[in-house]
Amino acid sequence: GFFQSCAVEVDVKDASNATCLYAKWMMRFLIKYETNSSDYKNVTLDLSSSVTHNGSVCGSDTQAALLAVQFGEGHSWSVNFTKTNETYQGDFITFTYNTDDAAVFPDAKRKGPVTVVVKDTMRPVQLNNIFVCHNTDFLEAENVTQIFWNVTVQAFVQNGTIGTKESRCRADTPTAAPTVLPTVANVTTASTTTLSPAPTTAPKPVENPDTGNYSLKSGNKTCLLATVGLQLNVSQDKPLLININPKTTSADGTCGNTTATLKLNDGNSTLIGF
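Quick caveat, the model's predicted, so the values are computed rather than measured. (Residues numbered from 1 in each chain as written. Predicted model: local features only at pLDDT ≥ 70, side-chain atom pairs only at ≥ 80, totals over all residues. Heavy atoms only, no water.)

Draft legend 1. Expanded view of the environment of Gln158. Mapped onto the fold, Gln158 is located in the loop between β12 (144-154) and β13 (166-168). It is 9.3 Å that separates the C-alpha atoms of Gln158 and Leu21, two residues lying 137 residues apart in sequence. For Gln158, the contacting residues outside a window of four places in its chain are Leu127 and Asn128. (Helix = DSSP H or I, 4+ residues; strand = E, 2+ residues; numbered from the N terminus. Contact = heavy atoms within 4.5 Å.)

Draft legend 2. Structural detail: the packing of aromatic side chains. Taken as a whole, this structure holds seven aromatic pairs when the rule is applied. Consider the rings of Trp25 and Trp77, whose centres lie 5.5 Å apart with planes at 40°: the pair is tilted. Placement of the pair is Trp25 in strand β2 (residues 19-34) and Trp77 in strand β6 (residues 75-83), with a sequence separation of 52 residues. Judged by relative accessible area, Trp25 falls into the buried class, the value being 3%. Under the relative-accessibility criterion, Trp77 is labelled buried at 5%. Both rings, one in Phe29 and one in Phe95, keep their centres 3.9 Å apart while their planes meet at 5°; by these two values the pair is stacked. Separated by 66 residues along the polypeptide, Phe29 in strand β2 and Phe95 in strand β7 (residues 87-98) bring together distant segments of the chain. On the basis of relative accessibility, which here comes to 0%, the residue Phe29 falls in the buried class. Classification of Phe95 as buried rests on a relative accessible area of 0%. An aromatic cluster is present here, built from Phe29, Tyr33, Phe71, Phe95, Tyr97 and Phe105 joined pairwise through their rings. (Phe/Tyr/Trp six-rings, centres within 6.5 Å; stacked < 30°, edge-to-face > 60°. Buried < 20%, exposed > 50% of the residue type's maximum accessible area, 1.4 Å probe, protein only.)

Draft legend 3. Geometry of the sheet that holds strand β19 (residues 260-265). Pairing within the open sheet is antiparallel, and its three strands lie in the order β18-β19-β20. Strands at the two margins of the open sheet, each flanked by one partner only, are β18 (250-255) and β20 (271-273). Strand-to-strand twist of the sheet, defined as the mean angle between neighbouring strand axes without regard to direction, takes the value 15°. As defined by bridge partners, β18 adjoins β19 across six bridges and the pair is classed as antiparallel. The partner of Asp252 across the bridge, within β19, is Lys263. (Pairing = 2+ DSSP bridges. Axes fitted to C-alpha atoms, helices over the stretch in contact; angles between N-to-C directions.)

Draft legend 4. Broad picture of the nonpolar core. Counting residues in hydrophobic clusters, the biggest one holds 46 residues, and the most contacted among them are Trp25, Trp77 and Phe81. By size, the runner-up hydrophobic cluster in this structure holds nine residues, among which are Leu216, Leu224, Ala226 and Leu230. (Core = buried A, V, L, I, M, F, W, Y, C linked by side-chain atoms within 4.5 Å.)

Draft legend 5. Region of the structure containing the side chain of Thr19. As for its position among the elements, Thr19 is in strand β2. By relative accessible area, Thr19 is classed as buried at 8%. Within the structure, the side chain of Thr19 is placed 2.8 Å from the side chain of Asp11, a separation counted as a polar contact. At 3.2 Å, the side chain of Thr19 forms a polar contact with the side chain of Lys13. (Polar contact = N/O pair within 3.5 Å; in protein donor to acceptor, adjacent residues only side chain to side chain.)

Draft legend 6. Representation of the environment of Asp61 within the structure. Inspection of the secondary structure assignment puts Asp61 in the loop between β4 (51-52) and β5 (65-71). Remark: the alpha-carbon pair of Asp61 and Thr82, spanning 21 residues in sequence, is separated by 8.6 Å. Only 2.8 Å separates the side chain of Asp61 from the side chain of Lys83, close enough to count as a polar contact.

Draft legend 7. Representation of the pattern of salt bridges in the model. Taken as a whole, this structure holds eight salt bridges when the rule is applied. Note that Arg28 is salt-bridged to Asp46, the shortest N-O span being 2.8 Å. You can see Arg28 sitting in strand β2 and its partner Asp46 sitting in strand β3 (residues 40-46), a full 18 residues away along the chain. A residue is classified by how much of its surface remains accessible, and Arg28, at 15% relative accessible area, is buried. The salt bridge partner of Asp91 is Lys119, with a shortest N-O separation of 2.9 Å. Taken together, the residues span a long stretch of sequence, with Asp91 in strand β7 and Lys119 in strand β8 (residues 113-119) at a distance of 28 residues. You can call Asp91 buried: its relative accessible area is 16%. Under the relative-accessibility criterion, Lys119 is labelled partly exposed at 45%. (Salt bridge = Lys/Arg side-chain N within 4 Å of Asp/Glu carboxyl O.)

Okay, structure coming up:
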């Protein structure tokens, strides 16, 4: 994986001790905060190995379900789910980090808990289905980037049984190649055709990436410029080279007094941050 973090697994039970809300996922947080010297620092907040889920609620036809976890020195995260007659979906995500945690936020100017609320981007999921998203997802708001991956969740579980049918996120859905159906034109018989071994061709080398021009604005002024060609070399069983196409890549980010962040999204589940 791209990140190392602790997996969280929460199994919420109802009054009859049957599962009503289940989730297992991984997440981490990138936070920019102001120090006493008026500088800004970027820190990473990971989940600790000990996570509680006090306050989680099963939900009903008239009440939202709530998945809530607490970790570290006063940090917490929650998401509420609403349902219709046929579907359920995430509503709002609430993240609270505590700058009194000196190990994570040394010399923080603002002390105490800071809460960030962001709209969940989860699509409606059919009741009795389990939502699965292995790819990485990012949510940004108020100097906080929330990163999620390997997500499995089902709200409003019926009869205490986790669903077996999966609803996958867009990033996990592969693009299928078109199927070519046999026709008279592309079918030949053995009696009229002599087959020859296919010629051996060398693999096509990966071309150099096209150069892209990316920029950010702060108000009406351009605060960051980048002219760069990008190629990713992913180390795995079979090495994978990916060229970032400037024509389909969008730039986002922020400019501060002492730091700037450029984030590139190629629209195909590849996100790069500088």
